[in-house]
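Here's the letter readout for the chains.
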Amino acid sequence: MKQVKADVYAKVIQLRNVSKRIQQISWSLSKLEQKFDIDSITNNEELTAIMLAYTSLINNYQDDTNELNELTMNNETSKSN
C-alpha cells in the first residue's frame, strides 16, 4: 500500500513540474511580446533573434505538453488495470 502511495505522489510531482514549466514558457512568451514591438522592428538580425526565441519557447512547450500527455495517458492506463 505504501508503494502505491509513493507511486501516486511521484506522479503528482512529475505532473506539477511539467505544468510549472509550461506556465514558465507562457510567461516568457508574454514577456517577449511586452519587451519588443515586433510590428515596428525593421532590423533583420533582431527579427531573426526574436524568431529563434519564439521557436525555442514553442519547441519547449511542445516537448512539455507531450510529456504531460504521456504522464496522463500512463495514469489512465494504470487506473484501468
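First, a word on scope: everything that follows refers to the structure included in this document. Remember, predicted model here, so these are calculated numbers, not experimental data.

**Comments concerning the overall build of the protein chain**
- Looking only at helices and strands, the protein chain has 2 helices and 0 strands in total.
- Over its C-alpha trace the protein chain gives a radius of gyration of 18 Å, far above what one expects of a compact globule, namely 12 Å for 81 residues.
- Taking all 81 residues of the protein chain together, the buried fraction comes to 11%.
- For the protein chain, restricting intrachain contacts to residue pairs at least 6 apart in sequence, the fraction spanning at least 24 positions comes to 71%.
- On the protein chain, roughly 6600 Å² of surface is accessible, and the fraction owed to carbon and sulfur atoms is 54%.
- Once the 9 positive and 11 negative side-chain charges of the protein chain are each reduced to a mean point, those two points are 17 Å apart.

Scoring rules and cut-offs
Residues numbered from 1 in each chain as written. Predicted model: local features only at pLDDT ≥ 70, side-chain atom pairs only at ≥ 80, totals over all residues. Heavy atoms only, no water. Helix = DSSP H or I, 4+ residues; strand = E, 2+ residues; numbered from the N terminus. Rg over C-alpha atoms; globule rule 2.2 N^0.38 Å. Buried < 20%, exposed > 50% of the residue type's maximum accessible area, 1.4 Å probe, protein only. Contact = heavy atoms within 4.5 Å. Areas by Shrake-Rupley, 256 points an atom, 1.4 Å probe, with all protein chains shown as cover. Lys, Arg positive; Asp, Glu negative; His and termini not counted. Charge placed at Lys NZ, Arg CZ, Asp CG, Glu CD.

Shape descriptors only; they carry no functional weight alone.
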